[in-house]
Amino acid sequence: MKFKNFLYRDSVWAFILLLPNFICFLIFLLIPLVAAFFLSFTKWDLMTPIQWVEFANYIELFKDETFLKSLWATIYFTVGTVPLGIIISLFLAVALDQAIKGLKIYRAAFFLPVISSMVAVSLVWMWIYNPEYGLFNYFLSMIGIEGPRWLSSVTWAMPAVIITSIWKGLGFNMLLFLAGLQGIPKSYYEAADIDGARWFSKFYYVTIPLLFNTTIFVIVISLINSFQGFDSVYLMTSGGPARTTSVLVYYLYQNAFRYFRMGYASAIAYVLFSLMLFLTLILLYWFQKKKVIF
Amino acid sequence: MKKMKKKYPSKILIILLYIVLSIGALIMIAPFLWMFSTSLKSISEVFTWPPAIFGKVLRWDNYLKISERYPFGRFFINSAIVSFIVVVTQLFTSSLGGYVFARLKFRFREILFVVYLATMMVPVHVTLVPLFIIMRYLGQIDKLSSLILPNLATAFGTFLMRQFFLTIPTGLEDAAKIDGCTPFGIYWKIFLPLSKPALAALGVFIFVGIWNDFLRPLVFINKINNMTLPLGLANMQGMYSTNWPVLMAGTFISLLPIIIAFLLAQDFFVKGVTLSGIKE
């Protein structure tokens, strides 16, 4: 009887059923997270014994020109991708929200890049950016512009990576906005109609303010994603030319798995993590104060 | 979903909207069409100016050439194995965890859940180096298991399933409890069958993520025979850097499973992929 009661206790079952989750969580997330923190205070190439160096990695980071370049590349990439990507996707979502017919077809088209792998996307865009035979420069030549050597140009490599990233992420943001738009109660528009509001005033005074919550969300997610950009840079430019596209994750990868500087790479990881956390928390804090409730 | 069209934009505006949307859609699809058209050309046809949509002959044999110098079929099978195992196990662990957090009462449940949730904020890159060291220590480097193991359970899946289970009314399980069902029995016989739509959406989300994953394979896998599609393609790019037709053929094939699944179940895809937008 006692054993039977034991079998029906919630806490016992909770323990058993959570065990697979918990083991996975412990080994592959919690331990690595803590380990990365300690590793960032060490010097280790996986071969020679590990050395405790205190803050040396962090101090070195801020004297390391390549790191500063990578930090700048990440900021450039983020500033280039996030605002533009959000504005375009917002307009597309509003347009799609009005479209009565063919919503599914348009949605499918915009969603195709989202579900494709960054590797596939990068490969086809490399070909599109090909300076001599690429599609991009062909279209530019049609309007009389001689296109640059995109991916090997110090000036144009980053814009090229940014264009590709915006193109890939548009559909995702658009869908989030679309969901937000469809969540706005129709009564607000009806009230505006009664007041005789035109289409644009409705958009400006009803849609935009009521989309605030969604917009903050999209901003946070876009920021997090753009801070983690790696695949496209690895494939399309290898961080070049002259480190102009070497974003933080790319430099992290190089340090860890090319130069085998595990401690230094971990320090980069924690700088990246802190930056992201800081930005996200500030945004969310600000959001809590300004949140639109309807 | 019932949308009353109360916004009354004018006719001209609607036509304008359709034009903008169509141009946008074309820009979205064009690279895929370009990929496909390139994959059917010969190398000399690729390097012509101005670019043509199709070459003289459609060279379907480019699709046979992709496995000439690289085990492309192997890449495909590896991707399929990893994706299948990860999707199935993660659905299982997520629904189990979600059920526990939604329904079972035990001490520290709320705190445990919050801690679990907080870990969703951790980017994969932060844990990459220690994870690599752990995999080396466990002897998993260069094995498919190194790609499977860290993905067997995620906080996000658990969170999502919990949210879903919270919406299920308690009446059914009360009856089952009186009939002497254990908590696992309730999960297995009541909650799991009821959660098919949520599982499908989560499954799609997991599948897209794992099928497209590049960073972890890049770090954990070295042997050509153990590579997944994205990593294999990246390697082919190094070799076929100028053979765009063959490279594009491989790229196109790598996208096919996802595109086909997407066309078959668009709504689940849209739901599944935008799941990450509803964190919190």
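Criteria and thresholds
- Residues numbered from 1 in each chain as written.
- Chains lettered and ligands numbered in written order.
- Predicted model: local features only at pLDDT ≥ 70, side-chain atom pairs only at ≥ 80, totals over all residues.
- Helix = DSSP H or I, 4+ residues; strand = E, 2+ residues; numbered from the N terminus.
- Rg over C-alpha atoms; globule rule 2.2 N^0.38 Å.
- Buried ≥ 20, exposed ≤ 12 C-beta atoms within 10 Å, placed from the backbone.
- Contact = placed C-beta atoms within 7 Å.
- Core = buried A, V, L, I, M, F, W, Y, C linked by C-beta atoms within 7 Å.
- Nonpolar A, V, L, I, M, F, W, Y, C, P; charged D, E, K, R; others polar.
- Domains from an automatic or database assignment.
- Expected span 1.5 Å × (residues − 1).
- Axes fitted to C-alpha atoms, helices over the stretch in contact; angles between N-to-C directions.
- Parallel < 35°, antiparallel > 145°, perpendicular 65-115°, else oblique.
- Left-handed = near helix turned anticlockwise from the far one by under 90°.
- pLDDT = per-residue confidence, 0-100.

The next point concerns the overall build of chain A. What chain A contains, in helices and strands, is 14 helices and 2 strands. Against the globule reference of 19 Å for 294 residues, chain A gives a C-alpha radius of gyration of 24 Å, more extended than a compact globule. In terms of overall dimensions, chain A has a C-alpha envelope of 75 × 75 × 35 Å along the principal axes. Here chain A, with 294 residues, has 44% of them falling under the buried criterion. Partitioning the contacts of chain A with sequence separation of at least 6, the portion at a separation of at least 24 is 69%.

With that out of the way, let us pick up the overall build of chain B. Secondary structure summary: chain B contains 15 helices and 0 strands in total. Scaling as 2.2 N^0.38, a compact globule of 280 residues should have a C-alpha radius of gyration of about 19 Å, whereas chain B reaches 24 Å, well beyond that. Out of the 280 residues belonging to chain B, those deemed buried represent 43%. Taking contacts inside chain B between residues at least 6 apart in sequence as the whole, the part at least 24 apart equals 75%.

This part is about the nonpolar core. Formed by 159 residues in total, the largest nonpolar core has its most connected members in Ile268 and Ala269 of chain A. If one sorts the elements of this core by residue count, helix α8 (residues 157–182) of chain A sits on top with 13 residues. When neighbours within four sequence positions are excluded, Ala269 of chain A is seen to be in contact with Ala36 and Leu252 of chain A together with His125, Val126 and Val129 of chain B.

A few words on the interface of chain B and chain A. Of the residues lining the interface, 76 residues belong to chain B; the matching set on chain A comes to 78 residues. Counting residues per element, the side of chain B that touches chain A draws most heavily on helix α1 (residues 11–39) of chain B, which supplies 15 residues. Residue composition of the side of chain B that touches chain A, grouped by class: 55 nonpolar, 16 polar and 5 charged.

According to the domain assignment, chain A contains domain 1 (2–39) and domain 2 (61–290). Here domain 1 of chain A and domain 2 of chain A have C-alpha centroids that lie 37 Å from each other.

This part covers the domain arrangement of chain B. All names here are of chain B. When the domains of chain B are assigned, the result is domain 1 (11–64) and domain 2 (68–278). Each of domain 1 and domain 2 was reduced to a C-alpha centroid, and the two centroids are 32 Å apart. Listed per partner, the contact involves 11 residues of domain 1 and 8 residues of domain 2. Secondary-structure elements contributing two or more residues to the side of domain 1 that touches domain 2 are α1, α2 (43–46) and α3 (62–65). With 4 residues, the top contributor of residues to the side of domain 1 that touches domain 2 is α1. Of the residues assigned to the side of domain 1 that touches domain 2, the class counts are 5 nonpolar, 4 polar and 2 charged.

Now for helix α11 (residues 196–212) of chain B. For an α-helix, the turn length of 3.6 residues means that residues three or four places apart are oriented alike. All names here are of chain B. End to end, α11 covers 24 Å across 17 residues, agreeing with the expected 24 Å (1.5 Å per residue, within 8%). Buried residues dominate α11, accounting for 12 of its 17 residues. All buried positions along α11 are accounted for by Ala198, Leu199, Ala201, Leu202, Val204, Phe205, Ile206, Phe207, Val208, Ile210, Trp211 and Asn212.

Okay, the packing of helix α2 (residues 10–39) of chain A against helix α4 (residues 72–103) of chain B next. Remark: α2 of chain A packs on α4 of chain B, axes separated minimally by 9 Å, with the N-to-C direction vectors making an angle of 140°. As judged from the angle between their axes, α2 of chain A and α4 of chain B are oblique. For the pair α2 of chain A and α4 of chain B, the crossing hand works out as left-handed. Counted together, Ala14, Leu17, Leu18, Pro20 and Asn21 of chain A of α2 of chain A and Thr93, Leu96, Gly97, Tyr99 and Val100 of chain B of α4 of chain B form the full contact between these two elements. When its residues are assigned to classes, the contact of α2 of chain A with α4 of chain B shows 7 nonpolar, 3 polar and no charged.

What follows is about the environment of Val124 of chain A. Counting through the fold element by element, Val124 of chain A comes out in helix α6 (residues 118–128). As a C-alpha pair, Val124 of chain A and Met236 of chain A span 112 residues in sequence and 9.9 Å in three-dimensional space. Once you skip the residues sitting within four places of it in the chain, Val124 of chain A turns out to touch Pro31, Trp34, Met35, Met248 and Thr251 of chain B.

Turning next to the packing of α6 of chain A against helix α13 (residues 229–239) of chain B. Taken N-terminus to C-terminus, the directions of α6 of chain A and α13 of chain B make an angle of 25°; their axes are 9 Å apart at the nearest point. Between α6 of chain A and α13 of chain B, the angle is such that the two are roughly parallel. Contacts between α6 of chain A and α13 of chain B pair Val119, Ala120 and Leu123 of chain A from the former with Pro230, Leu233, Ala234 and Gln237 of chain B from the latter. Its residues assigned to classes, the contact of α6 of chain A with α13 of chain B comprises 6 nonpolar, 1 polar and no charged.

Turning next to unusual backbone geometry. Residues and elements named next belong to chain A. Here the phi dihedral of Leu46 falls at roughly 75°; this positive angle occurs in a residue that is not glycine. Within the element layout of this structure, Leu46 appears in the loop between β1 (42–43) and β2 (51–52). For Leu46, a count of 12 C-beta atoms within 10 Å translates into the label exposed. One non-glycine residue, Glu54, lies in the positive phi region at around 55°. Relative to the helices and strands, Glu54 is located in the loop between β2 and α3 (56–61). Residue classification places Glu54 among the exposed positions, given that 9 C-beta atoms sit within 10 Å.

Turning next to the confidence of the model for chain B. Residues and elements named next belong to chain B. This prediction gives chain B a mean pLDDT of 87; 94% of its residues lie at or above 70. For the stretch residues 1–7, pLDDT sits under 50, and the model shows 9 contacts to residues farther than four places along the chain or on other chains. Two numbers describe this predicted complex: its pTM, 0.90, and its ipTM, 0.89.

With that settled, the discussion passes to the environment of Ala80 of chain B. For Ala80 of chain B, the location among the structural elements is in helix α4. With 14 C-beta atoms counted inside 10 Å, the residue Ala80 of chain B sits in the partly exposed group.

Turning our eyes to something else, we now look at α13 of chain B. The complete set of buried residues in α13 of chain B reads Leu229, Pro230, Leu231, Gly232, Leu233, Met236 and Gln237 of chain B. Check the buried side of α13 of chain B and you find it contacts α6 and α12 (231–236) of chain A together with α4, α11, α12 (215–220) and α14 (244–264) of chain B.

Glancing now at the environment of Leu26 of chain B. With respect to the helices and strands, Leu26 of chain B occurs in helix α1. Distance in space between the C-alpha atoms of Leu26 of chain B and Leu152 of chain B is 38 Å, their sequence separation being 126 residues.

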